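# Structure at a glance
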Amino acid sequence: DAGVIQSPRHEVTEMGQEVTLRCKPISGHNSLFWYRQTMMRGLELLIYFNNNVPIDDSGMPEDRFSAKMPNASFSTLKIQPSEPRDSAVYFCASSPTHSNQPQHFGDGTRLSIL
Amino acid sequence: KQEVTQIPAALSVPEGENLVLNCSFTDSAIYNLQWFRQDPGKGLTSLLLIQSSQREQTSGRLNASLDKSSGRSTLYIAASQPGDSATYLCAVKDNNNDMRFGAGTRLTVKP
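Here the structure is a predicted model, which is why all the values come from computation and not from measurement. (Residues numbered from 1 in each chain as written. Chains lettered and ligands numbered in written order. Predicted model: local features only at pLDDT ≥ 70, side-chain atom pairs only at ≥ 80, totals over all residues. Heavy atoms only, no water.)

Okay, the overall build of chain B next. Within chain B, the secondary structure is distributed over zero helices and eleven strands. Moving toward the C terminus, one meets the helices and strands of chain B in the order β-β-β-β-β-β-β-β-β-β-β. Against the globule reference of 13 Å for 111 residues, chain B gives a C-alpha radius of gyration of 13 Å, in line with a compact fold. With the C-alpha coordinates of chain B rotated into their principal frame, the extents come out at 40 × 25 × 20 Å. Among the 111 residues that make up chain B, the fraction classed as buried is 43%. Long-range pairs, those at least 24 residues apart, make up 53% of the contacts in chain B with a sequence separation of at least 6. Accessible area of chain B: about 5200 Å², with a carbon and sulfur share of 45%. Of the charged side chains in chain B, 11 are positive and 10 negative; the average position of the first set lies 3 Å away from that of the second. (Helix = DSSP H or I, 4+ residues; strand = E, 2+ residues; numbered from the N terminus. Rg over C-alpha atoms; globule rule 2.2 N^0.38 Å. Buried < 20%, exposed > 50% of the residue type's maximum accessible area, 1.4 Å probe, protein only. Contact = heavy atoms within 4.5 Å. Areas by Shrake-Rupley, 256 points an atom, 1.4 Å probe, with all protein chains shown as cover. Lys, Arg positive; Asp, Glu negative; His and termini not counted. Charge placed at Lys NZ, Arg CZ, Asp CG, Glu CD.)

Time to look at the nonpolar core. F25, L33, W35, L75, I77, Y88 and L107 of chain B are the most contacted members of the largest nonpolar core, which has 22 residues in total. When residues of this core are traced back to their parent elements, those giving at least two are strand 3 (19-25), strand 4 (32-38), strand 5 (44-51), strand 7 (62-67), strand 8 (72-77), strand 9 (86-93) and strand 11 (105-110) of chain B. In this structure L33 of chain B touches C23, F25, L48, L49, I50, L66, S73, C90, A91 and V92 of chain B, once residues within four positions along its chain are discounted. V4, L21, Y90 and I113 of chain A belong to the second-largest nonpolar core, a separate cluster that totals 21 residues. (Core = buried A, V, L, I, M, F, W, Y, C linked by side-chain atoms within 4.5 Å.)

On to the interface of chain B and chain A. Each side of the interface is counted separately: chain B has 19 residues, and chain A has 20 residues. Carbon and sulfur atoms supply 47% of the area buried between chain B and chain A, which totals about 1700 Å² over both sides. Counting the contacts that link chain B with chain A gives zero salt bridges. Applying the counting criterion to the chain B and chain A interface returns two residue pairs in polar contact (both at pLDDT 80 or more). Of all the secondary-structure elements, those providing two or more residues to the side of chain B that touches chain A are strand 4, strand 5 and strand 10 (99-101) of chain B. Class assignment of the residues belonging to the side of chain B that touches chain A gives a composition of six nonpolar, ten polar and three charged. (Buried area = accessible area lost by both parts, 1.4 Å probe. Salt bridge = Lys/Arg side-chain N within 4 Å of Asp/Glu carboxyl O. Polar contact = N/O pair within 3.5 Å; in protein donor to acceptor, adjacent residues only side chain to side chain. Nonpolar A, V, L, I, M, F, W, Y, C, P; charged D, E, K, R; others polar.)

With that settled, consider the sheet that holds strand 8 (residues 74-79) of chain A. All names here are of chain A. Within the open sheet, the four strands sit side by side as 1-3-8-7. Their pairing is antiparallel. With one partner strand each, in any of the chains shown, strand 1 (5-7) and strand 7 (65-71) form the two edges of the open sheet. When strand polarity is set aside, the average angle formed by the axes of neighbouring strands in this sheet is 15 degrees. (Pairing = 2+ DSSP bridges. Axes fitted to C-alpha atoms, helices over the stretch in contact; angles between N-to-C directions.)

The next thing to look at is the packing of aromatic side chains. Here the structure, examined in full by the defined rule, presents eight aromatic pairs over all chains. Seen from their ring centres, Y35 of chain A and F101 of chain B are 5.4 Å apart, and the 90 degrees between their planes marks the pair as edge-to-face. Linking Y35 of chain A in strand 4 (residues 31-38) with F101 of chain B in strand 10, this pair reaches from one chain into another. In terms of burial, Y35 of chain A and F101 of chain B fall into one category: buried. With 6.3 Å between their ring centres and 70 degrees between their planes, F91 of chain A and F105 of chain A make a pair best called edge-to-face. With F91 of chain A in strand 9 (residues 88-95) and F105 of chain A in strand 10 (residues 104-105), this residue pair connects regions lying 14 residues apart in the sequence. (Phe/Tyr/Trp six-rings, centres within 6.5 Å; stacked < 30°, edge-to-face > 60°.)

Residues and elements named next belong to chain B. This model, assessed by the stated rule, comprises two disulfides over all chains. Here C23 connects covalently by a disulfide to C90, the sulfurs 2.0 Å from one another. Sign of the S-S torsion, about -55 degrees for the bond between C23 and C90, identifies this disulfide as left-handed. One end of the pair, C23, is in strand 3; the other, C90, is in strand 9, with 67 residues separating them in the sequence. A residue is classified by how much of its surface remains accessible, and C23, at 2% relative accessible area, is buried. By relative accessible area, C90 is classed as buried at 0%. (Disulfide = S-S within 2.5 Å.)

All names here are of chain B. If you trace the backbone, T105 turns up in strand 11. Given the relative accessible area of 0%, T105 is considered buried. Engagement of the side chain of T105 in a polar contact is seen with the backbone oxygen of P8, the distance being 2.5 Å. When residues no more than four places from it in sequence are discounted, the contact partners of T105 are Q6, I7, P8, A9, A10, L11, L21, A86, T87 and Y88.

In structure tokens form, the structure reads like this:
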């Protein structure tokens, strides 16, 4: 099992640019989660999907952030336009839906906005 | 809104010592509680998951307990090793699939 795969591992870009983060969940997992981790705020849930449908996006900080899951094996988190305060590590995780199985995390994307 | 607190924020122990990490949460209506380990520059690795109906879970040298009524969980690590050095995070999941994390305890085990 390849686990949750995120790309890119690192992203450095200038403010105002569009940033797209990608995630491939574990095959067969119905739930997918996007998290953001910073020193100040710790790990925060941004949005999660069940069966490709966004269920709760209340953690998305503002309209500059958007997430899609066009199929069961792929999701994107987009920031447009990016700002320096968006700098963080973004994690994607997946799990079987509403079960007592643990969430499996990717290695994250370290995003730096200059 | 569920709040998860972990104490201490950092802990340094000599190799071989048994230790306990603490996690507390404000809303006892949980679905499960999970302990994770995070190494620098890496994602989270699930260590133990305790269902709301369970009191504890064990895996090797790790034992996690859950007391829902008091809003507490502990992670016990026996005979600690330098390889156990990492940040340990506690996460509480509610019935709406929302998971809240503590800030973590950074553990250093000195050889």
